[in-house]
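These are the residues of each chain, in order.
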Amino acid sequence: MLKWEGPFRLRSLVKPSLSWDEQVALMVRRGLIITDEPGCARFLASSNYYRFSGYARYFQKAPHLGDDGFRPNTTFDQIRAVYDADESLRIALVRPLAQVELLLRSHVARVISDEYGAYGRYLEKDFYSDVGDREPTVASCLRDTDRSKDRHILRYRDADRGRDDYSKLPVWSAVEAWSFGTLSKAIERGSRGSLADSVASSIGVAKAGFAYRVKALVYLRNRCAHHSRLWNHSIIDAGPTPNNVRSKAKKLVGQFGPRSALDVIASLDDIAFRGDVADPLLPRMVERHARESDFWHGLAAPQGPQDHVARSA
């Protein structure tokens, strides 16, 4: 099967399966400088050529036009350094993201319990402002609760009547069964939109845009959990990071785009600091990475695979 690549070029959609040594040979033919070919093959065996190619395409001439040749003097070690730095960042994000997630669970449970009661109300449909044809928030909450095998959930199931009855399940137990995504939905839609303000006030962060900041953290956590690239990736569910938080971060790390991973990390640092659950990550990143490096450029100003051609030409 063929597809058009530019006005005059055809490219096959069916690609042959290559051994790791053959993958190394292919990159060499395309102009990549590899000083240790056996070591490169071992890396591809443990990391997957397709994953690595997501980084490599930013060092190629014009892959979107079918030109997969590497720019002059590009080395495997150069691309590997970006790949490794991105992996290290994902690992570094796991702990603060987990700590902020736990913080949010605790404050959501406390706010609902104090303001609306610990039982029942949080599982009523009209407690949430659901959107269009998306899954109702209560359905998400119940689905996640049904999946739980933890004893603190099982004890509230009504086995005698052949169905689950969570009317006596306290919210502080329920939130432990919800996914981070479901928790984010509840914050955004709960109490007809006012739950987000109450949770933000409880933690001590700005109310404006708080629900969307949480949504961005869920997105970032999911990319880390699936080992997905943060470098040169525009965050879909970005911000809005408060202006004062963003300005403070830029004084520390320099300029960055509103859809960059750095913007979401600045928001994460702010929530973690105000909730007193984790040390900020941005200062450690500044110590570790030079602002002139390929890695930092791709974090601060993420570009699509076509945009990079104009910048590097």
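Here, every reference points to the structure presented above.
The paragraphs below set out a description of the structure included in this document. Please read all numbers here as calculations on a predicted model, not as lab measurements. (Residues numbered from 1 in each chain as written. Predicted model: local features only at pLDDT ≥ 70, side-chain atom pairs only at ≥ 80, totals over all residues. Heavy atoms only, no water.)

Relative orientation of the contacting elements helix 4 (residues 76–116) and helix 10 (residues 210–225) amounts to 140 degrees, with a least axis distance of 10 Å. On the basis of their axis angle, the class for helix 4 and helix 10 is oblique. In this structure, helix 4 crosses over helix 10, and the sense of that crossing is left-handed. Listed contacts from helix 10 to Arg90, Leu93, Leu97, Val100, Glu101 and Leu104 of helix 4 are Phe210, Val214, Leu217, Leu220, Arg221, Arg223 and Cys224. Grouping the amino acids of the contact of helix 4 with helix 10 by side-chain chemistry returns nine nonpolar, no polar and four charged. (Axes fitted to C-alpha atoms, helices over the stretch in contact; angles between N-to-C directions. Helix = DSSP H or I, 4+ residues; strand = E, 2+ residues; numbered from the N terminus. Parallel < 35°, antiparallel > 145°, perpendicular 65-115°, else oblique. Left-handed = near helix turned anticlockwise from the far one by under 90°. Contact = heavy atoms within 4.5 Å. Nonpolar A, V, L, I, M, F, W, Y, C, P; charged D, E, K, R; others polar.)

A few words now on the pairing of strand 4 (residues 67–70). Bridge count between strand 3 (residues 60–62) and strand 4: two bridges; the pairing is antiparallel. By the bridge assignment for strand 4, alanine 62 is matched with aspartate 67. If you look at the hairpin formed by strand 3 and strand 4, you'll find four residues sitting between the two strands, and glycine 66 has a positive phi there, around 95 degrees. (Pairing = 2+ DSSP bridges.)

This structure, assessed with the given rule, holds 15 salt bridges. Arginine 105 serves as the salt-bridge partner of glutamate 101, at 2.5 Å between the closest nitrogen and oxygen. Remark: arginine 105 and glutamate 101 occur in helix 4; sequence separation between them is four residues, near one turn of the helix. By relative accessible area, which is 6% here, arginine 105 ends up buried. (Salt bridge = Lys/Arg side-chain N within 4 Å of Asp/Glu carboxyl O. Buried < 20%, exposed > 50% of the residue type's maximum accessible area, 1.4 Å probe, protein only.)

Attention now moves to the packing of helix 3 (residues 49–56) against helix 4. Where helix 3 contacts helix 4, the two axes come as close as 10 Å, and the packing angle between them is 105 degrees. With respect to helix 4, the axis of helix 3 lies roughly perpendicular. Contacts from Arg51, Phe52, Tyr55 and Ala56 of helix 3 reach helix 4 at Phe76, Ile79, Arg80, Val82, Tyr83, Asp86 and Arg90.

This paragraph deals with the environment of serine 228. Examined against the element boundaries, serine 228 turns out to sit in the loop between helix 10 and helix 11 (243–253). Sequence separation between serine 228 and glycine 54 is 174 residues, and the spatial gap between their C-alpha atoms is 9.9 Å. Ignoring anything within four residues of it in the chain, the contact list for serine 228 reads Arg51, Asp86, Arg90 and Arg223.

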